[in-house]
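Structural description and commentary
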Amino acid sequence: MSTGRSGHMGPSLVAVAHGTRDPAGVAVTEALVDQVRALRPGLDVRLCYLGLTGPGLQETLAGLGGRDTVVVPLLLGAGHHVRVDIPRAVADAPRHLRVRTASALGPHPLLVTALADRLTESGRQGGPVVLAAAGSSDARANGETRVIATHLSSRLGAPVVPAFLSAARPTPAEAAAGLRAAGHDDVMVAPYLLGPGFFAREAEAAAAGRASGPLGAHAALARLVALRYDEARAGSTPRQDAVTGPGRGRRLPMGL
């Protein structure tokens with residue numbers, strides 16, 4: 001459910017997540033937003049969803065009164081939700097409300113940190129990794145996943161193969177089978193997902209028992225949400241040539 005704080009400093013931060021019917025997924029999202037509140041005491045921080053659970057983004061914006069607001073997508077890539085659904089909801093917000101929209105969370109080095117930590121927590125011994133993303137019909141969003149895979153590979157010193165649970169190939173099962181066929185026995189699947197839910201269960205099924213946990217309420221993600229808020233408030237955005245495209249060797253925006 002959406003909560004806020006009355007004594008706020010600066011524009012309200014409206015965190016908008018994809019939404020899930022899984023209570024564990026909702027709990028993880030709420031825990032992440034609570035971490036953001038702890039980072040920014042006094043800031044009015046609210047949580048809403050694009051679907052499957054409430055409150056919705058339009059409902060939340062309508063309840064803000066006359067406050068300036070920054071909408072921060074709790075989404076890892078700039079797919080359809082970021083490019084279409086969120087702008088549409090913001091355009092329908094009350095006219096007196098000044099709303100700025102932050103970039104999607106990814107790609108960013110803080111996500112690489114969180115992924116590496118989750119793999120370590122899950123007992124990875126050094127073998128290759130399948131990075132299992134939700135997948136998107138937008139090739140640019142899938143390209144951002146490939147950027148993260150490249151940088152996670154550099155961080156781990158091991159192959160990382162990007163895979164997609166929908167809309168693109170390879171699937172996590174295909175990517176894992178390809179690595180095993182190449183002689184790798186210790187293959188780990190890393191869900192490139194925020195929390196539990198349908199896609200997380202699909203990633204775990206493809207992993208055959210060798211999967212790390214979703215990113216979840218990781219301190220690096222809370223820092224990243226606050227960073228995206230600051231960027232939007234300042235009117236700055238990450239360099240597009242650093243974050244888009246399917247090619248290898250792309251740089252990640254730092255902003256740390």
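I will try to describe carefully the structure that is included in this document. (Residues numbered from 1 in each chain as written. Predicted model: local features only at pLDDT ≥ 70, side-chain atom pairs only at ≥ 80, totals over all residues. Heavy atoms only, no water.)

**Remarks on the sheet that holds strand β6 (residues 160-164)**
- Within the open sheet, the three strands sit side by side as β6-β5-β7. Their pairing is parallel. The open sheet has two edge strands with one neighbour each: β6 and β7 (188-192). Averaged over all neighbouring strand pairs, the angle between strand axes comes to 25 degrees, with direction disregarded.
- As paired strands, strand β5 (residues 129-133) and β7 are joined by five bridges and run parallel to one another. Across the sheet, the residue bridging to Leu131 is Ala190, located in β7.
- The strands touched by helix α4 (residues 109-121) within the sheet are β5 and β7, with β7 carrying the most contacts at an inclination of about 140 degrees.
- Contacts between helix α6 (residues 172-181) and the sheet are confined to β5 and β6, with β5 contributing the most and set at about 170 degrees to the helix. (Pairing = 2+ DSSP bridges. Helix = DSSP H or I, 4+ residues; strand = E, 2+ residues; numbered from the N terminus. Axes fitted to C-alpha atoms, helices over the stretch in contact; angles between N-to-C directions. Contact = heavy atoms within 4.5 Å.)

**Remarks on the pattern of salt bridges**
- In total, this model carries 12 salt bridges according to the counting rule given.
- Arg201 is the partner of Asp22 in a salt bridge, and the nearest nitrogen-oxygen pair spans 2.9 Å. Of this pair, Asp22 sits in the loop between β1 (12-17) and α1 (23-39) while Arg201 is found in helix α7 (residues 198-207), placing the two residues 179 residues apart along the sequence.
- Arg201 gets classed as partly exposed once you look at its relative accessible area, which sits at 45%.
- Here Arg67 ties to Asp44 by a salt bridge, and the two come within 2.8 Å at their closest N and O atoms. You can see Arg67 sitting in the loop between α2 (57-62) and β3 (69-74) and its partner Asp44 sitting in the loop between α1 and β2 (45-49), a full 23 residues away along the chain.
- The exposure class of Arg67 is partly exposed, given its relative accessible area of 26%.
- Salt bridges linked by common partners bring Asp44, Arg46 and Arg67 together as one network. (Salt bridge = Lys/Arg side-chain N within 4 Å of Asp/Glu carboxyl O. Buried < 20%, exposed > 50% of the residue type's maximum accessible area, 1.4 Å probe, protein only.)

**A look at the sheet that holds β2**
- Pairing in this open sheet of four strands is parallel, and the strands run β2-β1-β3-β4 from one edge to the other. Since the sheet does not close on itself, it has two edges, and those belong to β2 and β4 (99-101), each with one partner. Going from strand to strand, the sheet's axes swing by 25 degrees on average, the running direction of each strand aside.
- Relative to β3, β1 is paired through six bridges, and the arrangement is parallel. Residue pairing across strands places Val16 opposite Pro73, the latter belonging to β3.
- Here α1 sits on the sheet in contact with β1, β2 and β3, set at roughly 155 degrees to β2.
- Along the sheet face, helix α3 (residues 80-91) touches β1, β3 and β4 and points at about 150 degrees away from the line of β3.

**Digging into the packing of α4 against helix α5 (residues 139-156)**
- Contact pair α4 / α5: the axes reach a minimum separation of 10 Å and the direction vectors enclose 55 degrees. Between α4 and α5, the crossing angle belongs to the class labelled oblique. α5 is crossed by α4, and the crossing has right-handed handedness. Taken together, the residues of α5 that come into contact with α4 (itself represented by Leu111, Val112, Thr113, Leu115, Ala116 and Leu119) are Ile148, His151, Leu152, Arg155 and Leu156.
- Tallied by class, the residues present in the contact of α4 with α5 amount to eight nonpolar, two polar and one charged. (Parallel < 35°, antiparallel > 145°, perpendicular 65-115°, else oblique. Left-handed = near helix turned anticlockwise from the far one by under 90°. Nonpolar A, V, L, I, M, F, W, Y, C, P; charged D, E, K, R; others polar.)

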